[in-house]
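# Structural characterization, general
Here are the chains, one letter per residue:
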Amino acid sequence: MSDPLPTDDFRRTDSIGVVVGALSDLRKAIIPGIAVLVGLATRDNVPMVAIPLLIVALFVLPPVTAFAKWWFRRYRTGPEDIRVESGVLAREARSVPYERIQDVSLSETLLSRLFGLVEVRFETGAGGKDDLTLAYLTKEEGARLRDLVRAQRDDDVEFAPVAQGEVEVEGTPVFAMDLKRVLLSGIFSFSLVIFAVLFAVIDQIDFLLPISIWDGDFWKSLFSEQGERIRTLGRIGQVGGAIVAVMSVIVIGMVSGVAKTLLRDYGFRLDRTEKGFRRRRGLFTRTDVVMPRHRVQAVATETGVIRRLLGWHSLSFISLASDGGKASHDVAPFARWDEIAGIAREAGIPLPEQVQWRRTSRAYWIDRAIILLPIALAALAVTIWMERWLPALIPSALVLLIVFSSSTGYLRHRHALEPDRIHARAGLLSPRTMTAPRVRLQSAQIVQGPIARLRGYATLHFGLAGGVLLFRGLPVEEARILRDAVLQSIDVVDYSALPR
Amino acid sequence: MNDTPEDLTPLDPRHVTVLRIEALLAMVPILIGAVIAELAANLPTGVVIVPALLLTALFTFPLPKRRYRRKGYSTAMDRLRFVKGWLQRSDTVVPFGRVQHIDVKQGLVERWFGLATLVVHTAGTHNASVSVPGLSRETAVEVREAIAARIRRDTM
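Residues numbered from 1 in each chain as written. Chains lettered and ligands numbered in written order. Predicted model: local features only at pLDDT ≥ 70, side-chain atom pairs only at ≥ 80, totals over all residues.

## With respect to the overall build of chain A
- Across its full length, chain A carries 14 helices and 21 strands.
- Counting all 500 residues of chain A, 29% fall into the buried class.
- In chain A, once contacts between residues fewer than 6 apart in sequence are set aside, the share between residues at least 24 apart is 56%. (Helix = DSSP H or I, 4+ residues; strand = E, 2+ residues; numbered from the N terminus. Buried ≥ 20, exposed ≤ 12 C-beta atoms within 10 Å, placed from the backbone. Contact = placed C-beta atoms within 7 Å.)

Written out as structure tokens, the structure is:
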């Protein structure tokens, strides 16, 4: 390899790491290896080469590959970045600028610990699997690298990790939900999950019950007994019974929704602290989450048809950090528009107020229907031809759905561009909106298929840390204008050190 | 989107050869499968092999050239732009200031020809990494240095 940079300070990871690598490979291979050996032993006509091959695969390959990996992996701490070169045949050189390193973590496995070695991971905003890792280094070398990185960004106050629940400072309250509102919001989170839970419980304990829910005879006898009674009730009784049944399902759904919401959102309060937002909520398990203001990448609002009529909306923050498995953080699950607008303003990302919404290309929605419709129609034709009337309902429902979604798609999707923000809006009766500051976007991609090129529309996909900001079926000119506007905003300020 | 090919730098011409070799290597299992299928099913010679060969020829000769012609990159205005695709055309722009870290990768075939793939990683969920293949190793390193310098400059 010819490298234009001075290579003298390239070094390898610790040589004992080879042993650790080989041993951990061996550990992974040993159980399947034994299984295969036992499998072979129980057979008669095993070719003679099989066992030596297996032994080579099990005991010779791991050390050799571990050695090769170690030999070909070099790293260097330069004036600007950390470089790692790896790969035996296919080479890969990774460069991570110090400015982009958000944290350095040292971790030990049981094996590496025996030898006093650590794995060093340099986390950047790109996150997760693409992080740079060095395995294995001595503890001293790991500490040296960590200190080196910290020293490079010494002046950066934000480097101090903000642990959840660490902040004790009371901020100014921004939003809170009293019990009445929590209960009201519960009514809108109608949920029938209780039936699934009941079913699962009965399924688990059915050995204790005299009935079996999977037994068709049980239901048959139940219906025939009860059916006899229902028949004797007369027309009014039957209708009344049906209404009572439906009502009870609705009541159960509401009650379980209220219970769920009460458990989650009881005592909901959001405070503005020095660093960002602090949210506390929960009845039995009270969670306390701090969300630094600069990590908010975008804000999203949501509502329902009835909720909107009554003036209720919800607001969430989008960031790289996850909130209990969800990518976005609920900061106001049930609030008036003024309230969520206030929170969004507090976060520095005001919601769209008096903006000029623009629409997508009509051609895109027409083409979508034209492409999808024949498939659904063909399925419908087949079912009709085979005289299967009941299955025919599925494709016909599909046809209706496609026609409906395509014809309303044009009305549902809108976007707007403001000097500092970009807004996306989807939905007619219960619109969802997403607002992202232009400078927080990471990349822009315009994609056009053959039909899109012919008909002059394109899909514009922005890279957003922790979320999706996608505009389908924009007129090409519009897509370019949006992209160029966003790129211009990005040129002005460099905020990329922020997404963390 | 054929209005701006002039601002784009074409990839290294050796990229065509790399694409050809990679296509050929990818077709080898299919060719072997075709031969075995013919032998096993006792079909007249050429029924499966000839179409497989034609397909290989198509993937190896005209298509790489076409794919190469549709690709282009640009580093103007401190933005990395990469355009590709014939049927599905995509045009991706990553501002240098949004790059988190950078890889210069060399596959085996690329290495024979002194080519490299530049991969930039961003913080976005979409386009978390953008690859620009078919650069000469020198160009890839140059672009990497330019991006690194920009990141350095921004934070000073």
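## Examining the UniProt feature "domain: YdbS-like PH" (unreviewed entry) in chain A
All names here are of chain A.
- Annotation from UniProt places "domain: YdbS-like PH" (unreviewed entry) at residues 70–148, 268–318 and 413–484.
- Taken as a whole, residues 268–318 contains 10% helix and 53% strand, while its terminal C-alpha atoms sit 19 Å from one another.
- Annotation note: span residues 413–484, helix share 21%, strand share 54%, distance between end C-alpha atoms 21 Å. (UniProt positions renumbered as here; feature names shortened; annotations may be inferred.)

## Comments concerning the interface of chain A and chain B
- On the chain B side, the residues contacting the 45 residues of chain A number 40 residues.
- Of all the elements in the fold, those that place two or more residues in the side of chain A that touches chain B are β4 (91–97), β19 (443–448), α13 (450–455), β20 (457–464), β21 (467–475) and α14 (476–492) of chain A.
- The element that contributes the greatest number of residues to the side of chain A that touches chain B is β4 of chain A, accounting for seven residues.
- Partitioned by chemical class, the residues of the side of chain A that touches chain B number 20 nonpolar, 13 polar and 12 charged.
- Direction of pairing for β19 of chain A relative to strand β3 (residues 89–95) of chain B: antiparallel, over a ladder of five bridges. Across the sheet, the residue bridging to Val447 of chain A is Ser90 of chain B, located in β3 of chain B. (Nonpolar A, V, L, I, M, F, W, Y, C, P; charged D, E, K, R; others polar. Pairing = 2+ DSSP bridges.)

## Digging into the packing of helix α1 (residues 17–41) of chain A against helix α2 (residues 50–72) of chain A
Residue and element names in this part refer to chain A.
- The contact between α1 and α2 brings their axes to 9 Å, and the two run at 165 degrees. The pairing of α1 with α2 is recorded here as roughly antiparallel in orientation. At the point where α1 passes α2, the crossing takes the right-handed sense. Touching Gly17, Val18, Gly21, Ala22, Asp25, Leu26, Ala29, Gly33, Val36, Leu37 and Leu40 of α1 are Ala50, Leu54, Leu58, Pro62, Pro63, Ala66, Phe67, Lys69 and Trp70, all from α2. (Axes fitted to C-alpha atoms, helices over the stretch in contact; angles between N-to-C directions. Parallel < 35°, antiparallel > 145°, perpendicular 65-115°, else oblique. Left-handed = near helix turned anticlockwise from the far one by under 90°.)

## A closer look at the UniProt feature "transmembrane region" (unreviewed entry) in chain B
Residue and element names in this part refer to chain B.
- Mapped onto this numbering, the UniProt entry gives "transmembrane region" (unreviewed entry) at residues 18–37 and 43–63.
- Along residues 18–37 one finds 100% helix and 0% strand; the C-alpha atoms at either end are 29 Å apart.
- Summarising residues 43–63: 67% helix, 0% strand, and an end-to-end C-alpha distance of 30 Å.

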